[in-house]
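Analysis of the macromolecular model
Chain by chain, the residues run as shown.
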Amino acid sequence: MNDRSIHPNTRILLDAWRRMNAKASWPDQEAPRVNDHPGLIERLFVLEHMRDGAWLFRTAGGNLTGLLGRPLIDHDFLNLWTGPDRPMMSAFLEAIRLDGAPGVVRGRGETLTGQRVELELTLMPLATQSERPQNYRLLGLYQTLGGEPLLKGRPVWRHRIAMLVPP
């Protein structure tokens, strides 16, 4: 995916992941500051891979919880997806886990009353391939791409995949 076509928050998170996983240090580059990217922290979440194949939310920012209209902790991320999107998302998460590199999902969210918003989800490993902990975790960013006011405060209930950018 062309870096110019992704949301600025996605770019910041991907750049931070690259810096943390780079073999060499990046002394000339100043690290981004949270204040420069309002709303970013509140849209982050952490998923943990379970033996039964579930990907449970371990943390979820307040903005994300509000946007989805329900508590997310200990709920399976895959339950956000239905029909053919669910096995696609499961395979996508597995590809990120096996490759040890980030992936991006483009899609849409829809309320029960039919309002829609375009979405971009970024998922990245929290451990390097050499570390491979038993409880494998991913850091995620749930970013709307405009149109959030059109939801009129109603929670996003259905999710659909439009494009997967694998690791």
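**Some thoughts on the sheet that holds strand 5 (residues 137-144)**
- In space, the six strands of this open sheet follow the order 2-1-5-4-3-6, with antiparallel pairing throughout. Of all strands in the sheet, those with a lone pairing partner are strand 2 (55-60) and strand 6 (158-165), marking the two edges. Taken pair by pair, the neighbouring strands of this sheet meet at an average axis angle of 30°, ignoring direction.
- Across five bridges, the pairing between strand 1 (residues 44-49) and strand 2 is antiparallel. Pairing of V46 across the sheet is with T59, part of strand 2.

**Quick notes on the pattern of salt bridges**
- Summed over all chains, the structure comprises nine salt bridges.
- Residues R43 and E148 are paired through a salt bridge, measuring 2.7 Å at the closest nitrogen-oxygen approach. In this pair, R43 is assigned in the loop between helix 1 (8-21) and strand 1 and E148 in the loop between strand 5 and strand 6, connecting sequence segments 105 residues apart.
- Residue class for R43 comes out buried when judged on its relative accessible area of 7%.
- Among the salt bridges present, the one from R137 reaches E48, with a minimum N-O distance of 3.0 Å. Of this pair, R137 sits in strand 5 while E48 sits in strand 1, placing them 89 residues apart in sequence.
- Of the residues examined, R137 reaches a relative accessible area of 33% and is grouped as partly exposed.
- Among the residues examined, E48 registers a relative accessible area of 4% and is labelled buried.
- Put simply, E48, R58, D74 and R137 are held in one network by salt bridges that share partners.

**A short note on the environment of G114**
- By secondary structure assignment, the location of G114 is in the loop between strand 3 (103-110) and strand 4 (116-125).
- G114 gets classed as partly exposed once you look at its relative accessible area, which sits at 36%.
- Considered as a pair, G114 and L151 are 37 residues apart in the sequence and their alpha carbons are 8.8 Å apart.

**Overview of the packing of aromatic side chains**
- Scanning the model with the defined rule gives four aromatic pairs in all.
- The structure contains a cluster of three or more aromatic residues connected by ring pairs, namely F45, F57, F77 and W81.
- Lying over the aromatic face of W157, R70 brings its terminal NZ or CZ to 4.1 Å of the ring centre.

Cut-offs used in this document
- Residues numbered from 1 in each chain as written.
- Predicted model: local features only at pLDDT ≥ 70, side-chain atom pairs only at ≥ 80, totals over all residues.
- Heavy atoms only, no water.
- Pairing = 2+ DSSP bridges.
- Helix = DSSP H or I, 4+ residues; strand = E, 2+ residues; numbered from the N terminus.
- Axes fitted to C-alpha atoms, helices over the stretch in contact; angles between N-to-C directions.
- Salt bridge = Lys/Arg side-chain N within 4 Å of Asp/Glu carboxyl O.
- Buried < 20%, exposed > 50% of the residue type's maximum accessible area, 1.4 Å probe, protein only.
- Phe/Tyr/Trp six-rings, centres within 6.5 Å; stacked < 30°, edge-to-face > 60°.
- Lys NZ or Arg CZ within 6 Å of the ring centre and 35° of its normal.

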